Amino acid sequence: MHEELLALLKKTYDVSFKDIDLLAQAFTHSSYVNEHRHLELTDNERLEFLGDAVLELIVSDYLYKHFTDLPEGKLTKLRATIVKEDSLAQFAKDCGFDKYVRLGKGEENSRGRERSSLLCDLFESFLGALYLDQGMTKARAFIYQVVIPKIESGAFSHEMDHKTVLQEVLQKNGDILIEYCLVNEEGPAHNRIFYVEVSADKKVLGTGFGKSKKTAEQKAAEVALAALAEKTDK
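Treat the numbers as computed from the prediction; the structure is a model and nothing was measured. (Residues numbered from 1 in each chain as written. Predicted model: local features only at pLDDT ≥ 70, side-chain atom pairs only at ≥ 80, totals over all residues. Heavy atoms only, no water.)

**Student:** Please clarify how the overall build of the protein should be interpreted in this entry.
**Tutor:** Along its length, the protein carries 11 helices and 3 strands. The secondary structure elements of the protein, listed N-terminal to C-terminal, are α-α-α-α-α-α-α-α-α-α-β-β-β-α. If you line up the protein on its principal axes, its C-alpha atoms span 80 × 35 × 35 Å. Classification of the 234 residues of the protein by burial places 41% in the buried group. Contacts spanning at least 24 positions in sequence make up 55% of the contacts within the protein whose residues lie at least 6 apart. With the model as given, the accessible surface of the protein reaches about 12800 Å², and the carbon-plus-sulfur share is 49%. In the protein, the 31 positive side-chain charges and the 39 negative ones have mean positions that sit 4 Å from each other. (Helix = DSSP H or I, 4+ residues; strand = E, 2+ residues; numbered from the N terminus. Buried < 20%, exposed > 50% of the residue type's maximum accessible area, 1.4 Å probe, protein only. Contact = heavy atoms within 4.5 Å. Areas by Shrake-Rupley, 256 points an atom, 1.4 Å probe, with all protein chains shown as cover. Lys, Arg positive; Asp, Glu negative; His and termini not counted. Charge placed at Lys NZ, Arg CZ, Asp CG, Glu CD.)

Structure below.
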């Protein structure tokens, strides 16, 4: 197994695999196996199947416990956005996993290392291997370090009620006073535009506008979430 990957996992995620062969399997694409049949390797497809289930369970558990006001339909939609191909591919890149996946020459030459579907599978395969090697507790800790912060920062808030998300983000460490204040109105009575500020503990976080106060409040919450997410990424 690549020594740089082992060092990365230990330093960044406090993960040290007991079964190095299992970790190697997670980073082995079928194209590599096909080009190295004499080595009798196993690709990561079965681990991907397992990792997908582990990820869905942990994310579902988190969403159920933290978004208590959301109905089943919105929870399902939000989870689907979090665990979709593009999202998981980005998580794999964020972790630096794309540098270490073993690909066949053809797959490498066709820029497979950048392909979303391949990186999505890689991320799930790693989770499957981590679960088998160290159990659900360690898999959960990894997901809470890599995936959950993105949810809390509002990265997926476009799929749900912005005011609910903002409340969850701001109150994750305890109660905090969130206020929506109408600061201006413009236009004739039949076509009014409302301007609303949202603040937390008297500090303004965002301003939004719309043809109703509710729309303006949602927009203000969306702006606040985007500002918080940008601050988190820096």
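**Student:** What's the story with unusual backbone geometry in this structure? I'm lost.
**Tutor:** For residues that are not glycine, phi is negative in most cases, and the peptide bond is trans in most cases. One non-glycine residue, Asp 14, adopts positive backbone phi at about 55°. By secondary structure assignment, the location of Asp 14 is in the loop between helix H1 (3–13) and helix H2 (20–26). One non-glycine residue, Lys 202, adopts positive backbone phi at about 75°. Within the secondary structure, Lys 202 sits in the loop between strand S2 (193–200) and strand S3 (203–210).

**Student:** I'm lost on empty space enclosed by the protein in this one. Help?
**Tutor:** If you roll a probe as big as a water molecule over the atoms, it shows you where there is empty space left. In this structure the tally under the stated criterion is 1 cavity of 30 Å³ or more. Within this model, the largest cavity holds a volume of roughly 50 Å³. Taken together, Tyr 62, His 66, Phe 67, Ile 151, Glu 152, Glu 168, Val 169 and Lys 172 make up the full set of residues lining the largest cavity. For the lining of the largest cavity, the secondary-structure elements that each account for two or more residues are helix H4 (45–66), helix H9 (148–152) and helix H10 (162–170). (1 Å grid on protein atoms, 1.4 Å probe; cavity = no way out; pocket = protein on both sides within 12 Å on 5 of 7 lines; lining within 4 Å. Points joined across faces, edges and corners; volume = space filled by probe spheres on them.)

**Student:** Would you take a moment to explain the environment of Phe 194 for this structure?
**Tutor:** Secondary-structure assignment places Phe 194 in strand S2. In the structure, Phe 194 is positioned 10 residues away from Asn 184 in sequence and 6.1 Å away in space, judged by C-alpha atoms. Those residues within four positions of Phe 194 in sequence are excluded, and the remaining contacts are Leu 182, Asn 184, Glu 185, Gly 208, Phe 209, Gly 210, Lys 211, Ser 212, Lys 213 and Ala 216.

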